[in-house]
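Structural features, examined
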Amino acid sequence: MNTMLTAIVSPAVAGIVLVVVVAGGSLMYHIIQKKYGYTPERQKELDEVQEGQASEDTSHHSCEKKRY
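Conventions and cut-offs
Residues numbered from 1 in each chain as written. Predicted model: local features only at pLDDT ≥ 70, side-chain atom pairs only at ≥ 80, totals over all residues. Heavy atoms only, no water. Helix = DSSP H or I, 4+ residues; strand = E, 2+ residues; numbered from the N terminus. Buried < 20%, exposed > 50% of the residue type's maximum accessible area, 1.4 Å probe, protein only. Areas by Shrake-Rupley, 256 points an atom, 1.4 Å probe, with all protein chains shown as cover. Patch = residues over 30% accessible without salt bridge, like charges linked within 9 Å, V, L, I, M, F, W, Y side chains within 5 Å. Salt bridge = Lys/Arg side-chain N within 4 Å of Asp/Glu carboxyl O.

**Comments concerning the overall build of the protein chain**
- The secondary structure content of the protein chain amounts to 2 helices and 0 strands.
- Expressed as a percentage of its 68 residues, the buried residues of the protein chain come to 1%.
- Accessible surface, the protein chain: about 7,000 Å² in total, of which carbon and sulfur atoms supply 62%.

This is how it looks when you write it as structure tokens:
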């Protein structure tokens, strides 16, 4: 049984595609982490927003604690 393997894409092209895909993925990862990641500054902003929402939530009449 004689089977020949035929390459559809040359190894050089496959290597270039692999490098471009890895570089693009890395670039997107860093962009997303910079925009949405949890840096200390971002965490401080989120804590401030949550504190502000907590004070607003308790001022609403439906949020008052009911005694039974």
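**Brief notes about a nonpolar patch on the surface**
- Residues Ile8, Val9, Val13, Val17 and Val21 make up a contiguous nonpolar surface patch of about 490 Å² in total accessible area.
- You can see valine 21 is positioned in helix H1 (residues 11-36).

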